[in-house]
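Here's the letter readout for the chains.
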Amino acid sequence: MFVTSNYKIMVAWIIVYFLLVVSTLAVCFLPPVRQRTRLLWRHWRSSSGQWADATRQRGHRQARSLQDTLGFHTGGASRWTRQHWRWVGSGVALLVGLPLLALSLRGWQDIGGFDHRQAHATNEQIAALLEGEQLVPPAALPPEMFTTQEVEMLRPMIRYASREWVLLDEDFRQRLLVVFKIMKETHGYDMVLLEGYRSPERQARLAALGGQVTQADAFRSYHQYGLASDCAFLRNGKIVISERDPWAMKGYELYGQVARSVGLTWGGTWRTLKDYGHTELRRPGVLGRTETQPNETPVLPDFSGDFNADH
């Protein structure tokens, strides 16, 4: 097997590490070594000026003494090593073998249920889509598809929601379209926008319905700033929202993974009101602002703040 220069450098560092460990242990646990090391250090510091000759002579005497002492201990250590060669071999194997084992296992490993090649391809696809041409929103669905009993039961007053892609923040819109594209081409799920921009008045009406609908008052949701969306799936010409459907729940999990990979926050990770169809692009200083500007100039997202904003 060909060993690259990087591996050679790493092996060299491992050898240096081993020598440093052995030297440190010798100084820590062998008093003669520690004493002679201290003397040699002092000798080195004082080996200058008019006392150079005298110091050099003392150093020679100390070196001979150290040699005699180390020779004695080395002989004893050799006998001890021969008697306990199994323990010594095990220690050396741990110090040297583990780093070498880590080097030999470097790279992708097969883990059941996970294909790193697909994840790598998806990441490249995301980067290309975010840096490439602007994606076009899908065609609008017939309004009657959002007024069925199942849809309205799970999403109160959804018939009055805005599904105008143009009202969404430009940066957020492109990220969401990338998610839609990957969900379709990679996972086979057709996505549909249930609601995007939401007026403060509508937010207040939804908040009045109770915490099971939303926990955010007017101007406390990213919907008011065109930075949030509620999405679902399209199957056989019908909108599927309920996470009780195993197919839909699997889709939500994939949807959350893809959304996070493009820098969006997914409502399925919230601790209080989980909203599996919700995604948002968080920006500092946005929530609470009384004026809404859905198409403002994009700013880099900040993922550290406003983590308690729900829906």
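Note that this is a predicted model, so its numbers are computed, not measured.

Draft legend 1. Molecular detail of the pattern of salt bridges. Per the stated rule, a full pass over the model turns up 13 salt bridges. Arginine 159 is the partner of glutamate 152 in a salt bridge, and the nearest nitrogen-oxygen pair spans 2.5 Å. Note that arginine 283 and aspartate 169 form a salt bridge whose closest N and O atoms lie 3.1 Å from each other. Linking arginine 283 in the segment after strand S5 (278-280) with aspartate 169 in the loop between helix H6 (149-154) and helix H7 (170-185), this pair joins segments that are 114 residues apart in sequence. With respect to burial, arginine 283 and aspartate 169 carry one shared label: buried. Connected through shared salt-bridge partners, Arg155, Glu195, Arg198, Arg202, Asp230 and Asp275 make up one network.

Draft legend 2. Focus on the side chain of threonine 265. Structurally, threonine 265 is set in strand S4 (residues 265-266). Once residues within four sequence positions are removed from consideration, threonine 265 is found in contact with Trp270, His278, Thr279, Glu280 and Arg282.

Draft legend 3. The arrangement of the pairing of strand S1 (residues 190-195) in detail. Most of S1 is tucked away, with five of its six residues classed as buried. Relative to strand S2 (residues 228-235), S1 is paired through five bridges, and the arrangement is antiparallel. Its bridge partner lying in S2, methionine 191 is registered against phenylalanine 233.

Draft legend 4. Geometry of helix H9 (residues 246-261). Spanning 16 residues, H9 covers 23 Å between terminal C-alpha atoms, matching the ideal 22 Å at 1.5 Å per step. When we look at burial in H9, the residues that qualify are Ala248, Met249, Gly251, Tyr252, Leu254, Tyr255, Gly256, Val258 and Ala259. Buried residues in H9 make contact with H7, S1, S2, strand S3 (238-240), S4 and S5. Two to three positions downstream of the cap, the backbone nitrogen of tryptophan 247 sits 2.9 Å from a side-chain oxygen, assigning the N-cap of H9 to aspartate 245. Backbone geometry just after H9 places glycine 263 at a positive phi near 95°.

The rules behind these values
The written sequence of each chain sets the order in which its residues are numbered from 1. Selection of residues for local features in this predicted model requires a pLDDT of at least 70, selection of side-chain atom pairs for listing and counting requires 80 or more, and totals for whole chains, interfaces and linings are taken over all residues. Each side-chain value is derived from all of the structure's non-hydrogen atoms; neither hydrogens nor water enter the calculation. We define a salt bridge as a side-chain nitrogen of Lys or Arg found within 4 Å of a carboxyl oxygen belonging to Asp or Glu. Segments assigned H or I by DSSP are reported as helices when at least four residues long, segments assigned E as strands when at least two residues long, and all are numbered from the N terminus. A 1.4 Å probe rolled over the protein chains alone gives each residue an accessible area, and that area as a share of the maximum for its type sets the label: buried under 20%, exposed over 50%, partly exposed in between. We call two residues in contact whenever any of their non-hydrogen atoms come within 4.5 Å of each other. A pair of strands is considered paired only if DSSP assigns at least 2 bridges between the two. Expected span of a helix: the number of residues minus one, times 1.5 Å. As used in this structure description, the phrase polar contact means that two N or O atoms lie within 3.5 Å; if the pair is within protein, one of them must be able to donate a hydrogen and the other to accept it, and residues adjacent in sequence are counted only when both atoms belong to side chains.

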